[in-house]
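Now for the letters of each chain:
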Amino acid sequence: MTLHCKTKVYSVLVFVAGCVALLSTTHTAVSQESPSRDKLIVETLLRLQRYDVSANEKWKAAIGRHLLTIKGTPRYLELIKVFEIRDTIPDLLELAISSSMETIGVNAASLLLDFKQSALLQKEMYGEDKTRALAITQSISLGGHPGRFVVLKPLVTDARASRQIRNVAIKGVGTTKQGQQYLLDLLSSGRIPEELMFVTGTALFASSDPVIVKSAKELITPPTTVNATPLPPVNELIRLLGDPVSGKVVFDKKGTCIKCHKIGEAGKEIGPSLTEIGSKLSKEAMFVSILDPSAGVSHNYETYGIVLGSGNVLSGILVSRSDEEVVIRNAEGIDRVVAVAEIDEIIKTDVSLMPADLHKVMTVQELVNVVAYLTQLKKPTTEN
Ligand code: HEC
């Protein structure tokens, strides 16, 4: 027992001595820089809990070099956080934008909030580049950072912001208690526009606070299905059991989904192919895609309006666009080729070409069945 203790004390002493030697090699800087040494320095600092490295250029440099070797990994973010390496802020921003739907991007955005970078984030959220703006809003919204409410809040009521970005902001705000209260206040003063009602309801009905759910139910009239039955909120729909076999029948017939979507070889290509949709979207996201199609229009499937010199307007998905002509596909799947010379203006709209009232032709059970069917459509797995 004593022996064991002594050995332990001894080895701790040796370890500390080793660390001190490693961390104080001011004179050997020329010869010893190497990735493995950098890594060792980082590990030693962590073990000694020396997190404040601001005063030591050598340690900072070693951490900086080590970070470059693990860029984009979870460990990268972890180390930036503990050592507070603020030089990486521009990198974190790019990561949050390029991987906005992935854990790494979402965590990068949270780290930017930890570093009090709201101004930088908001500059992107309101920037000219709408794709970046949407992506950064997404990564903030998907994360659990307590600071997200304050950053996202202004977008909720910003009439100049796109419907998609406001949708995403409401989703993020709606996962905080404070945000739910805020959305309720907006609702009761009539400041949630109709087009944002679905996402607002989805957020509030999913609240863990029964008082909020009750108030929301008093303020929001749910959409109705075929026999005027009110549609349950998304958080209830996802718990209902569906039958995929009947779901396929609804997809092909009553739901008219096949008129716009391909599954394997069947169907038309007006919307994206749904052959592997079960690997892409969660059940919840599928219900939202069907019930509120304009909430998040898939990339490349935005609806365009083409105003012709004659005054006519065509609307649909852009199939191709060159200097001479534009091909636009309407909701019936008919392609029109238009000479650029005939076109006055091309406008990208906020509204999906997918009809927003498909639930009106289905019962609740039929809707649940369609989703059960889609959930099954997965990427083939490689192992057999
Ligand atoms: C008039 C054409 C049309 C019909 C009918 C239609 N959709 Fe769509 N759908 C689209 C278009 C266009 C998009 C892409 C734009 C968007 O995301 O809203 C889309 C997107 C989707 C998505 C999201 C796909 C993704 O990759 O994110 C799902 C899921 C979906 N539809 C399911 C359905 C189901 C189920 C039905 C039938 C109940 C249906 N659609 C009927 C045109 C249609």
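Our structure is the block above this text.
Source: prediction; values computed, not measured. (Residues numbered from 1 in each chain as written. Predicted model: local features only at pLDDT ≥ 70, side-chain atom pairs only at ≥ 80, totals over all residues. Heavy atoms only, no water.)

Trainee: Any chance you could break down the environment of I277 for me, citing the residues and the numbers?
Mentor: Take I277: it is sitting in helix α17 (residues 277-280). Taking the relative accessible area as the measure of exposure, I277 reaches 8% and is therefore buried. Between the C-alpha atoms of I277 and I97, which are 180 residues apart in sequence, the distance is 23 Å. For I277, the contacting residues outside a window of four places in its chain are M286, L374 and L377. (Helix = DSSP H or I, 4+ residues; strand = E, 2+ residues; numbered from the N terminus. Buried < 20%, exposed > 50% of the residue type's maximum accessible area, 1.4 Å probe, protein only. Contact = heavy atoms within 4.5 Å.)

Trainee: Pulling in residues and values, what's your account of the site of the ligand?
Mentor: Close to the ligand lie 29 residues, the nearest being C257, C260, H261, S352 and M354. For the ligand, a nitrogen atom lies 2.8 Å from a polar atom in the side chain of H261. In the environment of the ligand, an oxygen atom lies 2.6 Å from a nitrogen or oxygen atom belonging to the side chain of K280. Put simply, the parts of the chain that give the shell around the ligand at least two residues each are α17, α18 (283-291) and α19 (364-376). Split into classes, the residues belonging to the shell around the ligand amount to 20 nonpolar, eight polar and one charged. (Near = heavy atom within 4 Å. Polar contact = N/O pair within 3.5 Å; in protein donor to acceptor, adjacent residues only side chain to side chain. Nonpolar A, V, L, I, M, F, W, Y, C, P; charged D, E, K, R; others polar.)

Trainee: Lay out the coordination of the iron atom of the ligand with the relevant residues and their values.
Mentor: The iron atom of the ligand binds to the protein through H261 (NE2) and M354 (SD), with metal-donor distances spanning 2.0 to 2.1 Å. Bound by six donor atoms, the iron atom of the ligand shows angles of 87 to 179° at the metal and therefore octahedral coordination geometry. Of the two residues, H261 is situated in the loop between α16 (244-252) and α17 and M354 in the loop between β5 (343-348) and α19; the sequence distance between them amounts to 93 residues. Here M354 falls in the partly exposed class, since its relative accessible area comes to 22%. (Donors = N, O, S within 2.8 Å, 3.2 Å for Na, K, Ca; no water. Tetrahedral: all angles 85-135°; square planar, octahedral: opposite > 155°, others 65-115°.)

Trainee: So what about the pattern of salt bridges? Which residues, and what values?
Mentor: Per the counting criterion, the structure on display carries 17 salt bridges. For E57, the salt bridge goes to K60, with nearest N and O atoms at 3.5 Å. On the criterion of helical spacing, the pair formed by E57 and K60 is a turn pair, its members being three residues apart in helix α4 (residues 57-69). Judged by relative accessible area, which is 53%, E57 ranks as exposed. Overall, the relative accessible area of 31% leaves K60 in the partly exposed class. One salt bridge connects R132 with E124, and the closest N-O pair in it is separated by 3.0 Å. Linked through salt bridges whose partners overlap, the residues forming this network are E94, E124 and R132. (Salt bridge = Lys/Arg side-chain N within 4 Å of Asp/Glu carboxyl O.)

Trainee: Go over the side chain of S100 with me, naming the residues and quoting the values.
Mentor: Here S100 lies in the loop between α6 (89-98) and α7 (103-114). Accessibility expressed as a relative area gives 9% for S100, which makes it buried. In this structure, S100 is in contact with V106, A135, Q138, S139 and L142, ignoring residues within four places of it in sequence.

Trainee: Hey, could you go over unusual backbone geometry for me, with residue numbers and the actual values?
Mentor: In this structure, Q49 takes a positive phi of about 55° despite not being glycine. On the secondary structure map, Q49 appears in the loop between α3 (35-47) and α4. In this structure, K116 takes a positive phi of about 60° despite not being glycine. Here K116 shows up in the loop between α7 and α8 (118-125).

Trainee: Could you give an account of the layout of surface pockets, naming the residues involved and the relevant values?
Mentor: Taken as a whole, the second largest pocket encloses approximately 470 Å³ of empty space. Taken together, 24 residues make up the lining of the second largest pocket; nearest its centre are E194, M197, F198, P223 and L291. No other element matches helix α13 (residues 197-205), which puts five residues into the lining of the second largest pocket. By residue class, the composition of the lining of the second largest pocket is 13 nonpolar, five polar and six charged. (1 Å grid on protein atoms, 1.4 Å probe; cavity = no way out; pocket = protein on both sides within 12 Å on 5 of 7 lines; lining within 4 Å. Points joined across faces, edges and corners; volume = space filled by probe spheres on them.)

So, to be careful, I would describe these as geometric facts and stop short of saying anything about function.
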